[in-house]
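# Summary of the model geometry
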Amino acid sequence: MARLNPPARLRHPGVAPCLLALALVMPASGFAANSCEARSGATRVNVVELYTSEGCSSCPPADRWLSTLASDTGGANPVLPLAFHVTYWDRLGWADRFARPAYTERQYSVAAAIGAAVVYTPQVIVNGADWRNWPRLPKLEAAPDVQVQLSRDGGTFTARIKRRDGAAITQPVSGYWALLEDGHKTTVRAGENSGATLRHDHVVIAYQPVGAWPAANEQQWQWRPPLSKPEAGLASGIERRVAFVVVDAKTQKPLQALALGC
């Protein structure tokens, strides 16, 4: 696709530091059980995508803010936070260990879909829209167009997606898997954040898009996320969960999302 303008940085006032307290102790896989399942609720989940980098001096306030959001896709105020670490600030002298070219490409793709002129960090995309009003989030939308069921059997996750009864959606939909981890810490030794110790939650460790299908059709996808990468940091008590996000195939606007931490 055609490239957008070069990345520009938005200096955001952010919020006061507040870290998410993590209390669960996970087994070796990073999950609490060998099998479990969950279903999406009657409210559309607020999908919060943060595009960030350890090499960006204006990103830590956004990282800290994201850590205050509890990943709860089945509660009364459902939200799914995701931190996509991008690669284009690695050139400043510090290579972000969580950054992947696929996440940078996703940021450009989403920006093109929503008609944004530039990408930047920290950039917050909420429900498929450039959202500069954080830490406030938009009101929740009721009656999602699709329903999602997630289940886990050993190392295999299955997503079952169907159109909600009575929903009028007809356009193709697509989606993506994400393996998320909480509790990472990095002592940065070069670049704009040299000397700082950064805390990261909701980090996208692995990401797998899936193809489009007609919204009227029920669909099932399976994924075996990589659980043995060196950056998993299991000895440090890292918490994991797997999420599936359903999006409008054309606009990339999230339609519903669900996460499993068990």
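Residues numbered from 1 in each chain as written. Predicted model: local features only at pLDDT ≥ 70, side-chain atom pairs only at ≥ 80, totals over all residues. Heavy atoms only, no water.

## Some points on the overall build of the protein chain
The secondary structure content of the protein chain amounts to two helices and 16 strands. For the protein chain, buried positions account for 51% of its 262 residues. At a minimum sequence separation of 6, the contacts of the protein chain that also span at least 24 residues come to 75%. (Helix = DSSP H or I, 4+ residues; strand = E, 2+ residues; numbered from the N terminus. Buried < 20%, exposed > 50% of the residue type's maximum accessible area, 1.4 Å probe, protein only. Contact = heavy atoms within 4.5 Å.)

## Remarks on the side chain of Asp 182
Position of Asp 182 relative to the elements: it lies in strand β10 (residues 172-182). Under the relative-accessibility criterion, Asp 182 is labelled buried at 3%. One polar contact links Asp 182 to Arg 241, side chain to side chain, over a distance of 2.8 Å. (Polar contact = N/O pair within 3.5 Å; in protein donor to acceptor, adjacent residues only side chain to side chain.)

## Description of the pattern of salt bridges
Where charged atoms from two side chains of opposite charge approach closely, those side chains can pair. The final tally for this structure, using the stated rule, is seven salt bridges. A salt bridge links Asp 182 to Arg 241, with the shortest nitrogen-to-oxygen separation between them at 2.8 Å. Taken together, the residues Asp 182 in strand β10 and Arg 241 in strand β15 (residues 239-248) connect sequence positions 59 residues apart. Considered together, Asp 182 and Arg 241 belong to a single accessibility category, that of buried residues. One continuous salt-bridge network, built from bridges that share partners, spans Arg 44, Glu 141 and Asp 145. (Salt bridge = Lys/Arg side-chain N within 4 Å of Asp/Glu carboxyl O.)

## Quick notes on empty space enclosed by the protein
Within the structure shown, the criterion is met by one cavity of 30 Å³ or more. By volume, the largest cavity is sized at about 30 Å³. Put simply, the parts of the chain that give the lining of the largest cavity at least two residues each are α1 (60-67) and β4 (79-85). The residue makeup of the lining of the largest cavity, split by class, is four nonpolar, two polar and two charged. (1 Å grid on protein atoms, 1.4 Å probe; cavity = no way out; pocket = protein on both sides within 12 Å on 5 of 7 lines; lining within 4 Å. Points joined across faces, edges and corners; volume = space filled by probe spheres on them. Nonpolar A, V, L, I, M, F, W, Y, C, P; charged D, E, K, R; others polar.)

## Here we look at the layout of surface pockets
As a volume, the second largest pocket reaches approximately 190 Å³. Lining the second largest pocket are Arg 39, Ser 40, Gly 41, Gln 147, Val 148, Gln 149, Arg 160, Ile 161, Lys 162, Glu 218, Gln 219 and Gln 220. Secondary-structure elements contributing two or more residues to the lining of the second largest pocket are β8 (146-153), β9 (156-163) and β14 (219-223). Of the residues belonging to the lining of the second largest pocket, the class tally is two nonpolar, six polar and four charged.

## Some words on the state of the cysteines
This structure, assessed with the given rule, holds one disulfide. Cys 36 shares a disulfide with Cys 262; S-S distance 2.0 Å. Measuring handedness by torsion sign, the sulfur bridge of Cys 36 and Cys 262 sits at about 95 degrees and is right-handed. Here the residue Cys 36 occupies a position in strand β1 (residues 35-39), and Cys 262 occupies one in the segment after β16 (254-260), the gap between them amounting to 226 residues. (Disulfide = S-S within 2.5 Å.)

## Details of the confidence of the model for the protein chain
Regions with low pLDDT carry predicted coordinates that are not meant to be interpreted in detail. For the protein chain, mean pLDDT is 86; residues scoring 70 or higher make up 84% of the total. Taken together, the stretch residues 1-28 has pLDDT below 50 and engages in 69 contacts with residues farther than four places along the chain or on a different chain. Considering only residues more than four positions removed or in separate chains, one finds that residues 229-233, a stretch of pLDDT under 50, has 11 contacts. (pLDDT = per-residue confidence, 0-100.)

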